[in-house]
Amino acid sequence: MEYLTGEDMAEVILENVSKIFPGNVEAVKDVSIEILDKEFVVLVGSSGCGKSTTLRMVAGLEEVTSGEIQIDGKVVNDVPPKDRDIAMVFQNYALYPHMSVRQNMAFGLKLRRYDKKEIEQRVQEAAKILELEELLDRKPKALSGGQRQRVAVGRAIVRKPKVFLFDEPLSNLDAKLRNQMRAELALLHRKLESTIIYVTHDQVEAMTLGSKIVVMNKGRIQQVDSPLSIYEKPKNQFVAGFIGSPKMNFVKGEIENGLFKGNQVTCPLTDDQKNQITSTSCMLGIRPEHLRVEDQGIDNGSIKGEVRFVESYGYETFIHINVNDTLLIARSESGNQVKINSSISVGFKPSKAHFFDQNTEQTLTS
Amino acid sequence: MSGKFGKLILYLVLIAAACTFLYPFVWMLAGTLKPEAEIMTFSPLGSRYSLDSYKLMISKIPIFRSLFNSLLVSIISTVCVLFLCSMTGFALARLKFKGRSAIFAVILFTMVLPFQLTLIPLYVLMVKLGWVDTYAALIVPYTMSPFAILLFRQFFMAIPEELIDAARIDGLSDMGILFRLFWPLSKPALITVGIVHFMGIWNEALWPLIVVRKEEIMTMPQMVTLFAVSGQAEAQIGLQLAAAAVMILPIIIVYLFLQRYFIESMATSGLKG
Ligand SMILES: Nc1ncnc2c1ncn2[C@@H]1O[C@H](COP(=O)(O)OP(=O)(O)OP(=O)(O)O)[C@@H](O)[C@H]1O
Ligand SMILES: [Mg+2]
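Residues numbered from 1 in each chain as written. Chains lettered and ligands numbered in written order. Predicted model: local features only at pLDDT ≥ 70, side-chain atom pairs only at ≥ 80, totals over all residues. Heavy atoms only, no water.

**Student:** Break down the overall build of chain B for me, with residues and values.
**Tutor:** Of the regular secondary structure elements, chain B holds 13 helices and zero strands. By principal-axis analysis of the C-alpha atoms, chain B measures approximately 70 × 70 × 35 Å. Taken over 273 residues, chain B has a buried fraction of 39%. Within chain B, residue pairs in contact and separated by at least 24 positions form 72% of the contacts whose partners lie at least 6 positions apart. A total accessible area of about 14700 Å² is found for chain B, and carbon and sulfur atoms account for 74% of it. Where the 20 positive side-chain charges of chain B centre and where its 14 negative ones centre are 6 Å apart. (Helix = DSSP H or I, 4+ residues; strand = E, 2+ residues; numbered from the N terminus. Buried < 20%, exposed > 50% of the residue type's maximum accessible area, 1.4 Å probe, protein only. Contact = heavy atoms within 4.5 Å. Areas by Shrake-Rupley, 256 points an atom, 1.4 Å probe, with all protein chains shown as cover. Lys, Arg positive; Asp, Glu negative; His and termini not counted. Charge placed at Lys NZ, Arg CZ, Asp CG, Glu CD.)

Below, the structure written as structure tokens:
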């Protein structure tokens, strides 16, 4: 590890960054993020929300319309990509087809006029870390998807950049390989101790890799937090619905005398919730994993409905419940015998419920 | 059975077609070797073969000097076309600037203008520049080709954007991206343009006839044409055929070497266009 660990500090700061493409397409709106040294930050959001554009602005591949980007304390708005001390891994790997694996990895260093010995040492070490030693003289065409991905990562790490940028690096791999590479990336981050900005639309990648998650929607940041806080305390309905699988259930309703009522769903509020929530109409959110047949009781929330269908994964089962023509999903441990079209009632702990404003969609608790 | 029979018919047709293309060529080569009196027969075979026609040609016209001129003019102009047109194609395919599509439209439009139309204005230009009877007059008008620009542009547009991004981050400039990334990836395009342009200018007889009168800088097609129409050949067909054979030889050699790429690029650029 002697050649590839960086010693520089590398903070990345985005301040009110916006990007408007020709044709008045507002891809990124007023984004501010502070990324600390050695932090693994994940930008997550649905397709077209401006994740790639944000990353490409950090890389310098896209000009910033307004706002400021700093890397390591320097404003880099007008610095070309090659001088920003960043390396990027692309979704389609973007390996140079006419070069061998070795040449692909060495190219950036060669252009920076490193001496041959240094280049060879770094390439060798990267190859060792990524288990590419046998493949160094092959062309990209002769590699599998996973191997190409490794080479793309290798090309980034030999540069010893201040910041690594990843744009959906795993989305072209099959599920099994994706899990494996995900674990390897987490390991790599610990080995290299470098700052990483990682773009994905996959919430599992976001939750497992990130030390900080930035949830984006329609060009705007929705929430910046640790994975756990994002899961437990979503700031608005979008974040609540985006993170978690299956999606959080939402039910419209009214609060009267500390009791939420709406669409066959009732839920007594906790004292904490009573103190914070002032409005009467609101949206209740409850995650499938907190909706359980076992959790019924007078102190708990309850839902009554009809079983529509049942998805069993072996280790867990999801029950889709029809409540007045809206489908809610409940989770249950496997082996639970439920009949389709039979009526069912499930319960949940009030403390697990989230409440959102019906208009602003912001959370009503904190 | 009918499958086999169909195949037989197909091959017969193909062979017939191939013969139609090849026969005049073989006939010409044979004609250079046969005695003068036997040339005008249908069969390429003769009673005896000799190099007399070639010897006579060499003694009558400065064929080697014109061979040198042709090579010089063709090579310089082909190299210029490869560099300049790939740069133009790159700009049109990959750089964003005002008026890009207008420029491309104008370039496309020049493709439909027949050369004869611009012949006179171009000649006047050469006279004004004082380039008549110089190599410049033979080379400069052929350093740009709309066909080459179009082909390069189409080829370059098919190269994935991410590759260019990666190259920029690795530290390549625009020129670096063109020559160190696009060129190696566009070998078939380079070879196609090279061959097509080289053949075009090599065979060009009309333009040299207009701007060059000095024998020392005449190209081969010009020399051969003059030789054939003026009295020098004394209506000796064998001589004229020998000159023509010498003229096409370099083209055939180049083509044989590069045909693999040539065919490949014709196939791929068609798909990508
Ligand atoms: N060069 C461009 N010109 C115009 N609009 C663009 C350009 N690039 C991106 N956009 C638009 O900007 C928005 C954000 O695009 P971006 O690529 O950042 O999305 P993304 O979050 O990365 O999505 P995905 O997950 O599909 O990659 C989209 O609406 C897209 O259409
Ligand atoms: Mg993207």
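**Student:** Give me the interface of chain B and chain A: which residues, what numbers.
**Tutor:** Taken residue by residue, the interface counts 14 residues in chain B and 24 residues in chain A. Ranking the residues of chain B by area buried against chain A places Glu-162, Ile-169 and Asp-170 of chain B at the top, with a combined share of 44%. Viewed at the interface, chain A and chain B are joined by two salt bridges. A salt bridge links Arg-56 of chain A to Asp-165 of chain B; the shortest N-O distance between them is 2.6 Å. Counting the contacts that link chain B with chain A gives eight residue pairs in polar contact (both at pLDDT 80 or more). Partitioning the side of chain B that touches chain A into residue classes produces eight nonpolar, one polar and five charged. (Buried area = accessible area lost by both parts, 1.4 Å probe. Salt bridge = Lys/Arg side-chain N within 4 Å of Asp/Glu carboxyl O. Polar contact = N/O pair within 3.5 Å; in protein donor to acceptor, adjacent residues only side chain to side chain. Nonpolar A, V, L, I, M, F, W, Y, C, P; charged D, E, K, R; others polar.)

**Student:** Describe in detail the domain arrangement of chain B, supporting the description with residues and values.
**Tutor:** Residues and elements named next belong to chain B. Each assigned domain of chain B is listed here: domain 1 (1-50) and domain 2 (61-268). Placing a centre on the C-alpha atoms of domain 1 and another on those of domain 2 gives a separation of 32 Å. Of the residues lining the interface, nine residues belong to domain 1; the matching set on domain 2 comes to ten residues. The tally of links from domain 1 across to domain 2 stands at zero salt bridges. At the surface where domain 1 touches domain 2, the tally comes to two residue pairs in polar contact (both at pLDDT 80 or more). (Domains from an automatic or database assignment.)

**Student:** How would you sum up the pairing of strand 16 (residues 316-323) of chain A? Please name residues and give values.
**Tutor:** Residues and elements named next belong to chain A. With eight of eight residues buried, strand 16 lies mostly within the body of the structure. Along strand 16, one buried face is formed by Glu-316, Phe-318, His-320 and Asn-322 and the opposite face, lined by Thr-317, Ile-319, Ile-321 and Val-323, is buried too. By the bridge criterion, six bridges tie strand 15 (residues 301-312) to strand 16 in an arrangement that is antiparallel. By the bridge assignment for strand 16, Glu-311 is matched with Phe-318. Where strand 15 folds back onto strand 16 in an antiparallel hairpin, the turn is made up of three residues, including Gly-314, whose phi is positive at roughly 95°. With eight bridges connecting them, strand 16 and strand 17 (residues 326-333) associate as antiparallel partners. Bridge pairing links Val-323 to Thr-326 in strand 17. Hairpin geometry of strand 16 and strand 17 is characterised by an intervening segment of two residues between the two adjacent antiparallel strands and by a positive phi of about 45° at Asn-324. (Pairing = 2+ DSSP bridges.)

**Student:** Please provide a residue-by-residue account of the site of ligand 1, values included.
**Tutor:** Residues and elements named next belong to chain A. Lining the immediate surroundings of ligand 1 are Phe-21, Val-25, Ala-27, Ser-47, Gly-48, Cys-49, Gly-50, Lys-51, Ser-52, Thr-53 and Glu-168. Taking Gly-48, its main chain carries an N or O atom lying 2.7 Å from an oxygen atom of ligand 1. In this structure, an oxygen atom belonging to ligand 1 sits 3.0 Å away from a main-chain N or O atom of Gly-50. Compared with its free state, where it exposes 640 Å², ligand 1 has 60% of that area covered by protein. A total of three residues in the shell around ligand 1 trace back to one element, the largest contributor, which is helix 1 (residues 51-59). Split by residue class, the shell around ligand 1 holds four nonpolar, five polar and two charged. (Near = heavy atom within 4 Å.)

**Student:** Any details on the environment of Gln-124 of chain A? Residues and values, ideally.
**Tutor:** Considering the arrangement of structural elements, one finds Gln-124 of chain A in helix 3 (residues 116-129). Setting aside chain neighbours within four positions, we find Gln-124 of chain A in contact with Arg-102 and Leu-136 of chain A.

**Student:** Could you give an account of the environment of Ile-157 of chain A, with specific residues and numbers?
**Tutor:** You can see Ile-157 of chain A is positioned in helix 4 (residues 145-157). Classification of Ile-157 of chain A by relative accessible area gives buried; the value is 2%.

**Student:** Got a sec to walk through the pattern of salt bridges? Specific residues and values, please.
**Tutor:** Applying the stated criterion to the full structure yields 17 salt bridges over all chains. Its salt-bridge partner being Glu-118 of chain A, residue Arg-122 of chain A comes within 2.9 Å of it at the nearest N-O pair. In this pair, Arg-122 of chain A and Glu-118 of chain A are both assigned in helix 3, four residues apart and thus about one turn of the helix distant. Owing to a relative accessible area of 4%, Arg-122 of chain A belongs among the buried residues under this scheme. The salt bridge involving Glu-306 of chain A is made with Arg-308 of chain A; its shortest N-O contact spans 3.8 Å. Look at the salt bridges and you will find they share partners, linking Arg-56 and Glu-62 of chain A together with Asp-165 of chain B into a network.

**Student:** For the packing of aromatic side chains, give the residues involved together with the corresponding values.
**Tutor:** Following the criterion strictly, the structure yields 19 aromatic pairs over all chains and no others. Consider the rings of Phe-83 of chain B and Trp-183 of chain B, whose centres lie 5.0 Å apart with planes at 45°: the pair is tilted. Taken together, the positions of Phe-83 of chain B in helix 3 (residues 63-94) and Trp-183 of chain B in helix 9 (residues 174-185) put the pair 100 residues apart, joining distant regions of the chain. With a relative accessible area of 38%, Phe-83 of chain B lands in the partly exposed category. Taking the relative accessible area as the measure of exposure, Trp-183 of chain B reaches 17% and is therefore buried. Ring pairs connect the aromatic residues Phe-40, Phe-164, Phe-166 and Tyr-198 of chain A, which therefore count as one cluster. Taking the ring centre of Tyr-96 of chain A as reference, the NZ or CZ of Arg-155 of chain A above it sits at 4.9 Å. The ring centre of Tyr-231 of chain A lies 4.3 Å from the NZ or CZ of Arg-287 of chain A, which sits over that ring. (Phe/Tyr/Trp six-rings, centres within 6.5 Å; stacked < 30°, edge-to-face > 60°. Lys NZ or Arg CZ within 6 Å of the ring centre and 35° of its normal.)

**Student:** Describe the side chain of Gln-222 of chain A, with residues and values.
**Tutor:** Residue and element names in this part refer to chain A. Counting through the fold element by element, Gln-222 comes out in strand 10 (residues 220-225). Separated by 3.5 Å, the side chain of Gln-222 and the backbone oxygen of Arg-220 make a polar contact. Discounting residues that sit within four places of it in the chain, Gln-222 has contacts with Val-215, Met-216, Asn-217, Lys-235, Asn-236, Phe-238 and Val-239.

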